[in-house]
Structure formats: C-alpha cells, structure tokens
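Close look at the chain arrangement
Here is how the chains run, residue by residue.
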Amino acid sequence: METPTADDLLQFRDYSSTSATNSGAPAQINVNSPTHASGGGGGGIGSGFGGAGGHSSAQRQRGDPLADLIYDMSTSAQAMAGGGANNAQNAALDGSGSGGGGGSGGARLSFLTIEYYQQFFNVDTYMVLERIANSMIPKRASGNYLRMNIGENPDLYGPFWITVTLIFSIAISGNIASYLHHASDGYHWHYNFHLVSYAATCIFLYANILPAILWALFKYSLKPVNEADAVETDSATYTPTLLSLMCIYGYSLAIYIPVSILWVINISLLQWLLVITAALLSGTVLIAVLTPALRNSQFSLFLIIGILSAHVVLAAGFMLYFFHNPPDSPVAYMPLPTAPSVLKDVTQAAAKAVLPGNQTH
Amino acid sequence: MDAKLDMFEDVNTSPSPSLEGDMSIPGKRTTTTTAQNGVPDYNTLDEPIRETVLRDIRAVGVKFYHVLYPKEKSSLLRDWDLWGPLVLCTFMATILQGSSSADSMSDNGPEFAQVFVIVWIGAAIVTLNSKLLGGNISFFQSVCVLGYCLTPVAISLIVCRIILLSAQTRLLFFLRFVTTTMGFAWATYASFIFLGQSQPPHRKPLAVYPIFLFFFIISWLVLSHN
C-alpha cells in the first residue's frame, strides 16, 4: 500500500482499504454485538445474518428487538452506502454476504426451484409449537404478532400439516363415533371412506378461500389516511399479506384436532359445549391477532362478525355432520349427498338438537 | 512399381485381408448358458433373463430383510429401487379394497385407487416436506425407504386377515388392534432409523411427524378393514 502524500490527504478520495480493516468505508455501521462477533466487525455481522436462511448455529433469534434493530440499521446503512465504497467490505462479506442476500430475499429465485419454496418452511420445532400455543390461548401473543412474527416469517408447514391432520382426525373420529353408535344394534358396521373426501373439501376451502377473501377485503377497504398525520401512516396503511393470513388461519384450526377426538363421546350437551368453547377460544385469538389490520379497515365491525361467524359455522358444521348421531336417525351413511340435502340434514339435526332430552346411551 | 500398403500384417498367418474375430468380451463367461452351435455366446450384459431377474429379486429381498431388522442402513439408501414399494402397495390395495358388488351397504372401504394414491402421493408429500425443511436426501431414496417400511404394516394386514376368518369377538378385535399397533410402531421406528440422519437438527420432529402421520393413516386403514 502506498504511503499517502499531503496532496492525497487533502483530497476526498476513497482508499481501497485491505480486507482486514473495514474502517475505510464511510457509511458503515460497525457494531460488535457479542452474539455475532466473529473475525472482524463487518464480517461478524455479515456472517451472523448470513446464516439466517439456513440452519447454522449462528442463526439469530427472530423477534429479539436488539438484534432486529442492529439488522435494520446495518442493512439500511449498506443500502445507503451503495456499491462503490463497499468494495472493501464486500470482500470481507463475500462468503457470508451471498448467504445473507439470499436469506433476506435479495437473490431472485425462480419459483421453479425448490429453494424458492424453502423460504416458506424456515421454521424450527420450537417456533411451530410456539405458534400453535399462540393460536389456542388468547392474549398469549404480543401486540404486533401479526406484523413482526408471522409477517416476517410466514410459514406454510404449520397450516398444511395442521389441515391434513385435522382432515384425518375428523374422518377417523367420525368413523369411530358411528361405530360406537351402532355397536349395540348388531348392525354390520362398515367403514365410510367418503368422510375423508368431504372433510378434506370443507377444510381446504375454509383454510384457503377465506384468507383470500379476507385479504382482498382488507386491501380494498383501507380507511383513507390523513396525510398530515405522518407519524401514523406506516401502521395505518398496514394490510396483512396473503401468506400471513393463510398462516394465521391454518394455525387457528389447531384447536379442533383434540376437540374432534373428544367429539366421539356421544353426549349432545358435551358436543355443543366443545363447539362453543373451541370456537370461542380460537375466534378470540383470531380477532386479537388481526386487530392491527382490522383497525385500518372501514368495515371493521362487519369483518369481525364475519370472521367469528365463519369460525362458529365451521365448528358446528363438523360436529353436526360427522359426529351428531341422534338415536332415531341413521345419519352416518349418506353415500353422496348433494348440497341442498346436506343443508336440509344439518338444519334438521340442529332443530332436533335444541329439543331437550336428546340423550343417547 | 507395386505400391503396397503395409498394414503390419503378417502375410503368412492371414490369407486374406478381411477382418474376422469374436465379439465376446474377454473375461467373465457364463458357464450356465447352453448356447447352441453357431449362436454366439453373449455374457454379462446379455446374460439370460433368469440371471437378471434373480439378481434384482435378491436385491429386493436384501432390502426387505434390512427393513425387518434395521441394523445396517446403507444398502437401502445407496441402491434404492421401487420394486418393493410397488409390490407392497399393490398387495395391500388389493386386500384393502372394499367390494361394491355384493350389496350397496356392504364394505364401503377405500377403493384400490384410493389406497394406491394414499401410499404414493403420501410418500411423495412426506419426502417433499423433508426436502423443503432442508433435509439432504434425494427424492427417490426417501420414497424407497418409506415404501419398504410398509413391510411391517403389510405383515400386520396379513395377520389381521387371518384373524378375520373366524367369528369376531372383542378379544379378537383387541388382538387385531395390538397387531396393527405393533406394525405401525415397527414401521415408524424403521423409517426413523433410515431417515433420521438426513434431517436438519432443529427440525427433526417437524420432519418425523409427517412420517408418523403417514403410517398412522395406513395402519388405520388396515385396522378398520373387516
């Protein structure tokens, strides 16, 4: 490296510093956070966040506010500094920067590769369990859960496997319920495989169409924002992404899995109690989690009522169609019912259910 | 002047410049072939079909053995094949299918195609899931392992079918239940041994749960068959 002359020092010139020292780059925020310090400040941050996409041991904890702040500041600083002055630190960040860039979505992956879909499965076991617990217990999630936790890292693992588990648990428990109902009759019970198809259709429609409708409603019913209120605009124009909504709805179905097993017990009162409890719990969680987005919508009350009633109708529909076997109607063996007859049966069963004394053995 | 092109030929031994020889590959020669006179004796790649089929059957048999006694795991993963899964799936689907012929309210069990779809598409989805979570196993290796691990479930299906031959009592139902549970546990344990290493460390339960669900559903189909 040449020794700088007086003329050089008087000029405002960028020195190409060596890779060992990153102090030549002007707009670099060098923070040596203890969790990420490994071989130099800039390189430390780069390698710390380069592992975000994969499963290395240096993966930062999402949701840790200090780490979020550092990450935000360093990425914005790198963005501001631009390409020219960053050649030196690019050399240091080279190996980890590409990982960091891909992890933060900088690299444009084709949707035909499997790596594109891996970003939706970027969850660990404890995160999935956390999200399931957050979906069952109201008020457990923090206030900005939708935006910060789910919004940053929506996953498709939870929704997909919860819906598949729910389909099969409803089909299996429905068959067990009808078997137990007819066990004492001496009726030659047979397995009804059609239940799987009906359950699958219902649940997939609910878990996919409803978030899409909700997303569209949120997007196009934003309250007009007063531009003078510049402080609030960011959160006032927030609408959740489609993936976040599908994630929320998928996890909200998790409570129905143990409930569907309990629905086998053929006591009508208990079944209705379970419906109400489960729908109330997960409905409350849904409303609580969606509050930041609901606040910005013009039809907030209408949306709240819509979300809750859809949830209750789903739960009641499951219970009535698959599990409710009043003693005087052979309800479990309809081979391919059409929609009007299903509706008629459901309303008939509901009418029978409100009559007192509907106890079975 | 006679311009002769000398091609390093020994003029004494080859009477004519034509080329002749034998097209057999030097080395291994199968001694079990009964080649007729005049028919050339092809070996290795063109061995008799019996040899080829027996070799493949032996490979499949070795894999079945390794699934039933899961100690050494490399052979299933290294030379995967899909013969075993196909045989098992066809066998199970044939037995499990409900007959729609006798009367309309008789066994409404799954159709042949439904069992087929559940097994193959289920194995594909489970494999896709483990790949998306970051596992480093190839697609067909995983489908191969999942298919071969159906062996205990198929054995429990055979036992249940035998139990079903006599009149049903609660004891016999309990016996079927125990057999099916054992088959399910054995299948899950075997597949966990084979596929366990290839999952990323923090996500092992996430990858194992779909395998558990897959075998649970198939065992349920076995148990509810009557």
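Computed from a predicted structure; not experimentally measured.

Let's shift gears to the environment of Ser309 of chain A. Residues and elements named next belong to chain A. Mapped onto the fold, Ser309 is located in helix H15 (residues 300-323). Once the C-alpha coordinates of Ser309 and Gly283 are considered, the two residues, 26 residues apart in sequence, prove to be 8.9 Å apart. Only 3.1 Å separates the side chain of Ser309 from the backbone oxygen of Gly306, close enough to count as a polar contact.

All names here are of chain A. As recorded in UniProt, the sites labelled "transmembrane region" (unreviewed entry) are residues 156-176, 196-218, 242-265, 271-294 and 301-323. With 95% helix and 0% strand, residues 156-176 has its two end C-alpha atoms placed 30 Å apart. Taken end to end, residues 301-323 is 100% helix and 0% strand, and its two terminal C-alpha atoms sit 32 Å from one another.

Attention now moves to the layout of surface pockets. Space inside the second largest pocket adds up to approximately 1,500 Å³. As for the second largest pocket, its lining consists of 49 residues, and the residues nearest its centre are Ile172 and Ile176 of chain A together with Phe173, Trp220 and Leu223 of chain B. If you list the elements that add at least two residues to the lining of the second largest pocket, you get helix H7 (125-136), helix H9 (157-182) and helix H13 (256-262) of chain A together with helix H7 (170-195) and helix H8 (204-223) of chain B. No other element matches the 14 residues that H9 of chain A contributes to the lining of the second largest pocket.

For the pair H9 of chain A and H8 of chain B, interaxial distance at closest approach is 12 Å and the crossing angle is 20°. Taken together, the axes of H9 of chain A and H8 of chain B are roughly parallel relative to one another. Between H9 of chain A and H8 of chain B the crossing geometry is left-handed. Along the contact surface, H9 of chain A presents Tyr157, Trp161, Val164, Thr165, Phe168, Ile172, Asn175 and Ile176 of chain A, while H8 of chain B presents Leu206, Ala207, Tyr209, Pro210, Leu213, Phe216, Ile217 and Trp220 of chain B. Residues belonging to the contact of H9 of chain A with H8 of chain B are distributed by class as follows: 14 nonpolar, 2 polar and no charged.

It is worth spelling out the interface of chain A and chain B at this point. Between chain A and chain B, the residue contacts involve 27 residues of the former and 31 residues of the latter. Summing both sides of the interface, chain A and chain B together bury roughly 2,800 Å²; the carbon and sulfur share of this comes to 67%. Counting across the chain A and chain B interface gives 1 salt bridge. Residue Asp124 of chain A pairs with Arg203 of chain B through a salt bridge whose shortest N-O separation is 3.0 Å. Taken together, chain A and chain B are joined by 9 residue pairs in polar contact (both at pLDDT 80 or more). For the side of chain A that touches chain B, the secondary structure elements donating two or more residues are helix H6 (114-118), H7 and H9 of chain A.

What follows concerns the packing of helix H6 (residues 151-163) of chain B against H7 of chain B. All names here are of chain B. Running from N to C, H6 and H7 point in directions that differ by 170°, and their axes come no closer than 8 Å. Taken together, the axes of H6 and H7 lie roughly antiparallel to each other. For the pair formed by H6 and H7, the contact residues are Pro152, Val153, Ser156, Val159, Cys160 and Ile163 on the first element and Leu172, Leu175, Arg176, Thr179, Thr180, Gly183, Trp186 and Ala187 on the second. Per-class residue counts for the contact of H6 with H7 are 9 nonpolar, 4 polar and 1 charged.

Each value, and the rule that gives it
Residues numbered from 1 in each chain as written. Chains lettered and ligands numbered in written order. Predicted model: local features only at pLDDT ≥ 70, side-chain atom pairs only at ≥ 80, totals over all residues. Heavy atoms only, no water. Helix = DSSP H or I, 4+ residues; strand = E, 2+ residues; numbered from the N terminus. Polar contact = N/O pair within 3.5 Å; in protein donor to acceptor, adjacent residues only side chain to side chain. UniProt positions renumbered as here; feature names shortened; annotations may be inferred. 1 Å grid on protein atoms, 1.4 Å probe; cavity = no way out; pocket = protein on both sides within 12 Å on 5 of 7 lines; lining within 4 Å. Points joined across faces, edges and corners; volume = space filled by probe spheres on them. Axes fitted to C-alpha atoms, helices over the stretch in contact; angles between N-to-C directions. Parallel < 35°, antiparallel > 145°, perpendicular 65-115°, else oblique. Left-handed = near helix turned anticlockwise from the far one by under 90°. Contact = heavy atoms within 4.5 Å. Nonpolar A, V, L, I, M, F, W, Y, C, P; charged D, E, K, R; others polar. Buried area = accessible area lost by both parts, 1.4 Å probe. Salt bridge = Lys/Arg side-chain N within 4 Å of Asp/Glu carboxyl O.

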